[in-house]
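# Fold and contact review
Below, each chain spelled out in residue letters.
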Amino acid sequence: MAHHVEAAPVRLLDVAERRGLIQSAEGCVRQMSDFGYRVSVDLLEQIRSS
C-alpha cells in the first residue's frame, strides 16, 4: 500500500539539509519512495524553486 506524503514533510527535509542536520534531502525522498511513500524528487525541486 502506498502512502501519500504532503509537501510539508518534504519541505522539512529541505530545511534540515540546509541546516546541516541531514546529508541529503534528495536521498531521504528516494528512500521514502523505496518504502512505498508516494513522493518524488520533483516535489523537492518544486519546493526549492518556490
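These remarks concern the structure in this document.

About the criteria used
- Residues numbered from 1 in each chain as written.
- Predicted model: local features only at pLDDT ≥ 70, side-chain atom pairs only at ≥ 80, totals over all residues.
- Heavy atoms only, no water.
- Axes fitted to C-alpha atoms, helices over the stretch in contact; angles between N-to-C directions.
- Helix = DSSP H or I, 4+ residues; strand = E, 2+ residues; numbered from the N terminus.
- Left-handed = near helix turned anticlockwise from the far one by under 90°.
- Contact = heavy atoms within 4.5 Å.
- Nonpolar A, V, L, I, M, F, W, Y, C, P; charged D, E, K, R; others polar.
- Core = buried A, V, L, I, M, F, W, Y, C linked by side-chain atoms within 4.5 Å.
- Buried < 20%, exposed > 50% of the residue type's maximum accessible area, 1.4 Å probe, protein only.

Turning to the packing of helix α2 (residues 25-34) against helix α3 (residues 41-49), a few remarks are in order. Angle between the axes and distance between the axes: these two values describe a pair of packed helices. As a packed pair, α2 and α3 sit with axes 9 Å apart at the nearest point and diverge in direction by 145°. In the packing of α2 onto α3, the handedness of the crossing is right-handed. Within the contact between the two elements, α2 uses A25, E26, V29 and R30 and α3 uses V41, L44 and R48. For the contact of α2 with α3, the residue count by class is four nonpolar, no polar and three charged.

This part covers the nonpolar core. Formed by V5, V10, L13, A25, V29, M32, V39, V41, L43, L44 and I47, the largest nonpolar core amounts to eleven residues. Considering each element in turn, this core owes the most residues, four residues, to α3.

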